[in-house]
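# Understanding the architecture of this molecule
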Amino acid sequence: MTKIGVLALQGDFAEHIVMLRRVGAEATEVRLPRHLEDLDGLIIPGGESTTIGKLAVAYDLIEPLSRFGLERAIWGTCAGAIFLSKDVRRSQPLLSLMDITVARNAFGRQVDSFEADLDVPALLHVDPDPRPFHAMFIRAPLISSVEENVRVLAQLPDGRIVAAQQECLLATSFHPELTMDDRFHRYFLNLAKTSDR
Ligand code: GLN
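The paragraphs below set out a description of the structure included in this document. (Residues numbered from 1 in each chain as written. Predicted model: local features only at pLDDT ≥ 70, side-chain atom pairs only at ≥ 80, totals over all residues. Heavy atoms only, no water.)

## Some details on unusual backbone geometry
Look at Asp60: it is not a glycine, yet its phi comes out positive at around 55°. Tracing the sequence through the fold places Asp60 in the loop between α2 (49–58) and α3 (62–71). The exposure class assigned to Asp60 is exposed, which follows from its relative accessible area of 57%. At Glu167, a residue that is not glycine, the phi angle is positive and equals roughly 50°. Counting through the fold element by element, Glu167 comes out in the loop between β11 (161–166) and β12 (169–172). Glu167 gets classed as exposed once you look at its relative accessible area, which sits at 70%. (Helix = DSSP H or I, 4+ residues; strand = E, 2+ residues; numbered from the N terminus. Buried < 20%, exposed > 50% of the residue type's maximum accessible area, 1.4 Å probe, protein only.)

Below, the structure written as structure tokens:
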């Protein structure tokens, strides 16, 4: 069974765990470096990226997480995507694993949260039905630029990037764990199975 950890310092880690179990993965909470040992992949949930970063510093997780991401799969949703990135145009603890620049709170405040149907061709790898992915954006970040080694997976109708992949690293501005659509979780499970260990 594929074993996926969910960073459980702050944010909506419980929803990811429910979804992972639903798609047939073994799921565990990660709070300490030793919890990373036998995992095939890790999800960093949504929440507040500055808080997640500060707690990761306090629990000595920055270095172990960065090392983990060099060989195993990590998926960041929303705040998790911010934490995975290299550049957020301000100073806060980051894993700096993905060659993307992220703009925090790019769509405005909590009241400006919205939902959108996204065309995500990569999901055809896990499900042949080409239906759009109904995505929820909650004080969401925008992936404002990606380097050429990063593949864009989804864009808003105006072209703004909201999902990207760099080898076995995945970043989404939105929250698949808050929907009933498990295609992103199945997509990530495949990445985790195929990353080297
Ligand atoms: N606004 C949060 C941040 O900047 C992210 C919000 C979320 O994860 N839903 O960290």
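## A word on the packing of aromatic side chains
Both the distance between ring centres and the angle between the ring planes are used here to describe each pair of aromatic rings. Evaluation of the coordinates by the stated rule reveals nine aromatic pairs. Relative to Phe114, the ring of Phe107 has its centre 5.0 Å away and its plane inclined at 65°; by these criteria the two rings are edge-to-face. Residue classification places Phe107 among the buried residues on the basis of a relative accessible area of 16%. Considering the side-chain rings of Phe174 and Phe184, the 5.5 Å spacing of their centres and the 70° angle between planes classify their relative orientation as edge-to-face. Taken as a pair, Phe174 in the loop between β12 and α5 (183–194) and Phe184 in helix α5 lie far apart in primary sequence, 10 residues in all. Taking the relative accessible area as the measure of exposure, Phe184 reaches 0% and is therefore buried. Through a chain of ring-to-ring contacts, the aromatic side chains of Trp75, Phe107, Phe114, Phe133, Phe137, Phe174, Phe184 and Phe188 assemble into a single cluster. (Phe/Tyr/Trp six-rings, centres within 6.5 Å; stacked < 30°, edge-to-face > 60°.)

## A look at the side chain of Thr172
Locating Thr172 in the fold gives a position in strand β12. On the basis of relative accessible area, Thr172 is assigned to the buried category, the value being 0%. Here the side chain of Thr172 touches Trp75 through a polar contact of 3.1 Å, side chain to side chain. A polar contact of 3.3 Å, which involves the side chain of Thr172, links it to the backbone oxygen of Phe174. (Polar contact = N/O pair within 3.5 Å; in protein donor to acceptor, adjacent residues only side chain to side chain.)

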